[in-house]
Amino acid sequence: MWIKTDDKPWGDDIPASEITPRVVFERRRSLLAMAAAGAAGATLTPWFARQALAAQQPHGAKLAARANPAYTTLEKRTPYEDVTTYNNFYEFGTDKGDPARHASTLQTNPWTVRVEGMVRQPRTYDLDALLKLMPLEERVYRMRCVEGWSMVIPWVGYSLAELLRRVEPLGSAKYVEFTTLADRKQMPGVSSPVLDWPYVEGLRLDEAMHPLTLLTFGLYGEVLPNQNGAPVRIVVPWKYGFKSAKSIVRIRLVEKQPLTAWNRAAPREYGFYSNVNPAVDHPRWSQATERRIGEGSRGGFAGLFAPKQKTLPFNGYEQQVASLYAGMDLKKFY
């Protein structure tokens, strides 16, 4: 495990996925406590250990969804066992394997999502109503973590815009704020001071209304596993993964930019926009390249031996979303 406490940049010889985020390091009460808990990205989860974890995970119910080729990359999909056992979901712990180990405590039925704020028709939806709101689609998206690793995941859901249109946003609504569940009885990580809970994320309204932004209920044709954000999350494929809020309980339309969890914890490191940008490095590591989880890891450590590949602007979705940021300085609005 490497732990860095100064402000000098990391070299390319140390994978970003193995670097402890500064906020995690600084908020731990002691180095021993941090090592025991396993800071995000610092623990190298062996392939055989993840296979054992995957074998313990029950598969979820099937979801009927039609493939949408317009929103599907043809890149090789990350294996299901990697997608479901190598996760960041701090509500269940900071080690990559913690969510798969501990998320069975999450109760996803019943579940409701309140949509409120600057809308004409505020409403509380139960999960069944959300699932019936629109036909479900399967979309295969790239997913790029801020830590420098990536996956390709077949998600199931529909555009978030379909839900937002039904509550009729007011003209004064400029942003969308997502609040996730924070229940200490179900989520052991909420007792940790690593973040201020509940986890809050946000998008500009035009980002949230973009057809790529997916209100997500499943992956690989099944309902979301708990460790992947069950029962409902968003997926914003051109942004770093932490922008895609999991286990959502409230969606609120607001006039001012929301103060999000990671931006509150470390504003210099995690900006509000957090668009994937190989030209803008994280303060402590390069974002120019990434390692694809599930490639080159058999018999070894997840992603450690995967060959590096170039990171694409907006995670490969530049043609679809670059117009949202026309005229903006993307080094300033990172």
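Conventions and cut-offs
- Residues numbered from 1 in each chain as written.
- Predicted model: local features only at pLDDT ≥ 70, side-chain atom pairs only at ≥ 80, totals over all residues.
- Heavy atoms only, no water.
- 1 Å grid on protein atoms, 1.4 Å probe; cavity = no way out; pocket = protein on both sides within 12 Å on 5 of 7 lines; lining within 4 Å.
- Points joined across faces, edges and corners; volume = space filled by probe spheres on them.
- Nonpolar A, V, L, I, M, F, W, Y, C, P; charged D, E, K, R; others polar.
- Salt bridge = Lys/Arg side-chain N within 4 Å of Asp/Glu carboxyl O.
- Helix = DSSP H or I, 4+ residues; strand = E, 2+ residues; numbered from the N terminus.
- Buried < 20%, exposed > 50% of the residue type's maximum accessible area, 1.4 Å probe, protein only.
- pLDDT = per-residue confidence, 0-100.
- Contact = heavy atoms within 4.5 Å.
- Pairing = 2+ DSSP bridges.
- Axes fitted to C-alpha atoms, helices over the stretch in contact; angles between N-to-C directions.
- Phe/Tyr/Trp six-rings, centres within 6.5 Å; stacked < 30°, edge-to-face > 60°.
- Lys NZ or Arg CZ within 6 Å of the ring centre and 35° of its normal.

Visitor: Quick question: what am I supposed to make of the layout of surface pockets here?
Guide: The gaps of empty space that remain are located by a probe, the size of a water molecule, rolled over the atoms. Of the voids in this model, the second largest pocket is the one considered here, and its volume is about 190 Å³. If you go around the second largest pocket, you meet 19 residues; those closest to its centre are Tyr240, Ser274, Asn275, Val280 and Tyr334. When its residues are assigned to classes, the lining of the second largest pocket shows 10 nonpolar, six polar and three charged.

Visitor: Whenever I open this one, the pattern of salt bridges confuses me. Can you help?
Guide: A side chain with one charge may pair with a side chain of the opposite charge, provided their charged atoms come close. Taken as a whole, this structure holds 22 salt bridges when the rule is applied. Measuring nitrogen to oxygen at the nearest pair gives 2.8 Å for the salt bridge that ties Glu207 to Lys239. Placement of the pair is Glu207 in helix 8 (residues 205-208) and Lys239 in the loop between strand 10 (233-235) and strand 11 (248-254), with a sequence separation of 32 residues. Both residues of the pair, Glu207 and Lys239, count as buried.

Visitor: Looking at this structure, how should I read the confidence of the model for the protein?
Guide: In low-pLDDT segments, the atomic positions of the prediction should not be examined closely. This prediction gives the protein a mean pLDDT of 87; 80% of its residues lie at or above 70. Note on residues 25-44: pLDDT is under 50 here. Beyond four places in sequence and across chains, it has 52 contacts.

Visitor: I keep staring at the pairing of strand 4 (residues 137-144) and nothing clicks. Help me out?
Guide: Across a regular strand the side chains alternate sides, sitting on one face of the sheet and then on the other. Of all eight residues in strand 4, eight are buried, a share of seventy percent or more. Across the two faces of strand 4 the burial is the same, with Glu137, Arg139, Tyr141 and Met143 and Glu138, Val140, Arg142 and Arg144 all buried. With two bridges connecting them, strand 1 (residues 66-67) and strand 4 associate as parallel partners. Its bridge partner lying in strand 4, Ala67 is registered against Glu138. As consecutive antiparallel partners, strand 4 and strand 5 (residues 149-159) are separated by four residues, and within that stretch Gly148 has a phi angle of approximately 105 degrees, a positive value.

Visitor: Just checking my understanding: could you explain the environment of Ala129 for this structure?
Guide: Within the element layout of this structure, Ala129 appears in helix 6 (residues 127-133). Between the C-alpha atoms of Ala129 and Thr112, which are 17 residues apart in sequence, the distance is 9.3 Å.

Visitor: Would you take a moment to explain the sheet that holds strand 6 (residues 175-180) for this structure?
Guide: The strands making up a sheet are joined through hydrogen bonds of the backbone, oriented either antiparallel or parallel. If you walk across this open sheet you meet the five strands as 3-2-11-6-7, and the pairing is mixed. Looking at the sheet topology across the chains shown, the edges are occupied by strand 3 (123-126) and strand 7 (200-204). Pairwise comparison of adjacent strand axes, ignoring direction, gives a mean angle of 15 degrees for this sheet. Here strand 6 pairs with strand 7 via five bridges, running antiparallel. Along strand 7, the bridge assignment pairs Phe178 with Glu201. Strands strand 2 (112-117), strand 3, strand 6 and strand 11 of the sheet are contacted by helix 7 (residues 160-167), whose axis makes an angle of about 60 degrees with strand 11.

Visitor: It is not clear to me how the packing of aromatic side chains should be interpreted in this structure. Could you clarify?
Guide: Aromatic ring pairs: the centre-centre distance and the angle between the two ring planes describe each pair. Applying the stated criterion across every chain yields a total of 13 aromatic pairs. Considering the side-chain rings of Tyr86 and Trp149, the 5.0 Å spacing of their centres and the 75 degrees angle between planes classify their relative orientation as edge-to-face. Residue Tyr86 is found in the loop between helix 4 (80-83) and helix 5 (98-102), and its partner Trp149 is found in strand 5; the two are separated by 63 residues along the sequence. Look at Phe272 and Tyr273: their rings are 5.4 Å apart centre to centre, the planes differ by 90 degrees, and that puts the pair in the edge-to-face class. Owing to a relative accessible area of 8%, Tyr273 belongs among the buried residues under this scheme. Counting every residue linked through ring pairs, the aromatic cluster contains Tyr175, Phe272, Tyr273, Phe314, Tyr325 and Phe333. Lying over the aromatic face of Tyr71, Arg139 brings its terminal NZ or CZ to 4.2 Å of the ring centre. Here the basic side chain of Lys246 rests over the ring of Phe89, its NZ or CZ set 5.4 Å away from the ring centre.

Visitor: In this structure, what is going on with unusual backbone geometry? I would like to understand it.
Guide: If a residue is not glycine, its phi is most likely negative; likewise, a peptide bond is most likely trans. With an omega of 5 degrees, the peptide bond running from Trp197 to Pro198 counts as cis. Positionally, Pro198 belongs in the loop between strand 6 and strand 7. Following Ala230, the chain continues to Pro231 via a peptide bond in cis, the omega torsion being -5 degrees. Structurally, the position occupied by Pro231 is in the loop between strand 9 (222-223) and strand 10.

Visitor: What am I meant to see in empty space enclosed by the protein here?
Guide: By the definition in use, this model includes three cavities of 30 Å³ or more. In this model, the largest cavity occupies a volume close to 510 Å³. The wall of the largest cavity is formed by 35 residues, among which Asn88, Phe89, Gly241, Phe242 and Lys246 lie closest to the centre. Listed by contribution, the elements that provide at least two residues to the lining of the largest cavity are strand 4, strand 5 and strand 10. Element by element, the count of residues in the lining of the largest cavity is highest for strand 5, at four residues.

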